[in-house]
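Fold and geometry: a report
Okay, here's what each chain looks like letter by letter:
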Amino acid sequence: MKNQPKHFLIFAVLAVAGCGESGHMSDMTQMKQMGVAAEYAPAAPALASQRERNPYLAYEHNVTIEVDEDELQASFLSTVKKCIDDVANACEIHYSDLTSGDYPSAQIRVRIKKEGVEGLIQTASEHNEITSRNVSAEDLATPIMDNEKRLRMLESYQKKLIELESRSAKDIESLIKISSEIAKTQSDLEAAKGENEYLMKRVNLDIVSINFVTDEADSFLKPIGDALENFVYNLSKGIAGAITVVAFVIPWVAVLIGLFFLWRRLWPGRKRG
């Protein structure tokens, strides 16, 4: 597979983020033990440092890996299996696709704990080449804080309604209104809890999108190879098509010749003129 320049884009803050030397060496050692390419390793300590500073960032990793066409399916399936088997890191496959044809490729998109990200990428890039990798983050601090505040307000309101319900046991009309309001508050509370769980899942599980692409040179030459391989078949199809065209043309030629002679017999004077 041909060598191509590698690119690792990560937001500017990671490039300047500082961290202790001991922590840096620890993260570097861990990544080397996991087989992560050396050119990507320096970003790991900065990323870990940023996670500590802001625990409400939802991360998404995009990786492009170049593979030989013959190894595409094996690399794709081993990555899928790695995710399915990684119960400890709660790996979930959200999308996967394997495409054959003239330009074969594969994609897989998962959610996984940050501890499992590098291991998954290592499996995908084993015996292959990472041609690009980037990381983006979305700050969910505001929606999470707002939702938690809403949860506390709803819980407090529900508690007051329940106390009011107990004091209104003899007033049937008030009791009905309070019970209805309690039911509505409970519904709102469950919706807020569901929203909070979703937001925290986005924070606690990184998105990893891995794109497998085949060698460009191989893809360029593949149509030529396919054409040579199918030359005899395509030739026979061409001859068959030509015969079919002739078969359709012959009756029309006969009709046109007949019309020509008929025209000469009916209007002989036009020929002399």
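Shown above is the structure to which this text applies.
What comes next is a walk through the structure. Note that residues are indexed from 1 along each chain, following the sequence as it is written. Local features in a predicted model are, by the rule used here, given only for residues with pLDDT of at least 70; side-chain atom pairs are given and counted only at 80 or more, and totals for whole chains, interfaces and linings are based on all residues. The basis for the side-chain values is all heavy atoms of the structure; hydrogens and waters are excluded.

**Here we look at the pattern of salt bridges**
- Any Lys or Arg side-chain nitrogen located within 4 Å of an Asp or Glu carboxyl oxygen qualifies as a salt bridge. Scanning the entire structure with this criterion turns up 9 salt bridges.
- Between Arg 51 and Asp 206 there is a salt bridge, with the nearest N and O atoms lying 2.5 Å from each other. Placement of the pair is Arg 51 in helix H3 (residues 43-53) and Asp 206 in strand S6 (residues 205-214), with a sequence separation of 155 residues.
- Each residue gets one of three labels from its accessible area relative to the maximum for its type: buried under 20%, exposed over 50%, partly exposed in between, using a 1.4 Å probe on protein chains only. Owing to a relative accessible area of 16%, Arg 51 belongs among the buried residues under this scheme. In DSSP terms, a helix is any run of H or I states spanning at least four residues, a strand is any run of E spanning at least two, and both are numbered starting from the N terminus.

**Some thoughts on the state of the cysteines**
- The disulfide criterion is simple: two cysteine sulfur atoms within 2.5 Å. Evaluated as defined, the whole model comprises 1 disulfide.
- In this model Cys 83 forms its disulfide with Cys 91; the gap between the sulfur atoms is 1.9 Å. Because the torsion about its S-S bond is -105°, the bridge between Cys 83 and Cys 91 counts as left-handed. Taken individually, Cys 83 and Cys 91 each receive the classification buried, so the pair is uniform in this respect.

**Considering a negative patch on the surface**
- Taken together, the side chains of Asp 68, Glu 69, Asp 70 and Glu 71 present a region of like negative charge at the surface.
- Structurally, Asp 68 is set in the loop between strand S2 (57-67) and helix H4 (72-85). Every patch collects residues that have over 30% relative accessible area and no salt bridge, joining them within 9 Å if they carry like charges and within 5 Å if they are nonpolar side chains (Val, Leu, Ile, Met, Phe, Trp, Tyr). In these tables, accessible area is a Shrake-Rupley quantity obtained with a 1.4 Å probe, and a residue counts as shielded only by the protein chains included in the view. Positive charges are assigned to Lys and Arg, negative charges to Asp and Glu, while His and the chain termini are left out of the count. The atom standing in for a charge is NZ when the residue is Lys, CZ when it is Arg, CG when it is Asp and CD when it is Glu.

**Regarding the layout of surface pockets**
- Of the pockets and cavities examined, the second largest pocket occupies roughly 180 Å³.
- Residues are sorted three ways: Asp, Glu, Lys and Arg are charged, Ala, Val, Leu, Ile, Met, Phe, Trp, Tyr, Cys and Pro are nonpolar, and all the rest, Gly among them, are polar. Taken together, the residues that form the lining of the second largest pocket break down as 4 nonpolar, 2 polar and 5 charged. Only protein atoms enter the 1 Å grid used here, on which a cavity is any set of points holding a 1.4 Å probe that cannot leave and a pocket is any open set flanked by protein within 12 Å on both sides along at least five of seven lines; residues with an atom within 4 Å of a point are listed as lining. Grid points are joined across faces, edges and corners, and a volume is the space filled by probe spheres set on the points.

**Observations concerning the packing of aromatic side chains**
- Aromatic rings from Phe, Tyr and Trp, with only the six-membered ring used for Trp, were paired whenever their centres fell within 6.5 Å, and each pair was classed as stacked if the ring planes differed by under 30 degrees, edge-to-face if by over 60, and tilted otherwise. For the coordinates displayed, the defined rule picks out 2 aromatic pairs.
- Geometrically, the ring pair formed by Phe 260 and Phe 261 is edge-to-face, given 5.6 Å between the ring centres and 70° between the ring planes.
- The exposure class assigned to Phe 260 is partly exposed, which follows from its relative accessible area of 42%.
- On the basis of relative accessibility, which here comes to 47%, the residue Phe 261 falls in the partly exposed class.

**Concerning the nonpolar core**
- Remark: nonpolar core denotes a set of buried residues (Ala, Val, Leu, Ile, Met, Phe, Trp, Tyr, Cys) joined through side-chain atoms within 4.5 Å. Ile 65, Ile 108, Val 110, Val 208, Ile 210 and Phe 212 are the most contacted members of the largest nonpolar core, which totals 20 residues.
- Those elements that place two or more of their residues in this core are S2, H4, strand S4 (105-113), helix H5 (114-125) and S6.
- Residues count as neighbours in contact if any of their non-hydrogen atoms are within 4.5 Å of one another. Val 208 has contacts with His 61, Ile 108, Arg 109, Val 110, Ile 112, Val 117, Leu 120 and Ile 121, leaving out every residue within four places of it along the chain.

**A closer look at the pairing of S2**
- Counted residue by residue, S2 has 8 buried out of 11 residues, so it is predominantly covered.
- Strand pairing is assigned whenever DSSP identifies at least 2 bridges connecting the two strands. Of the pairings in the sheet, the one linking S2 to strand S5 (residues 129-139) comprises 10 bridges and is antiparallel in character. Each bridged residue has a counterpart across the sheet, and for Ile 65 the counterpart in S5 is Ile 130.
- Looking at chain direction, S2 and S6 are connected through 8 bridges and run parallel. Counted as the bridge partner of Val 63 is Ile 210 from S6.

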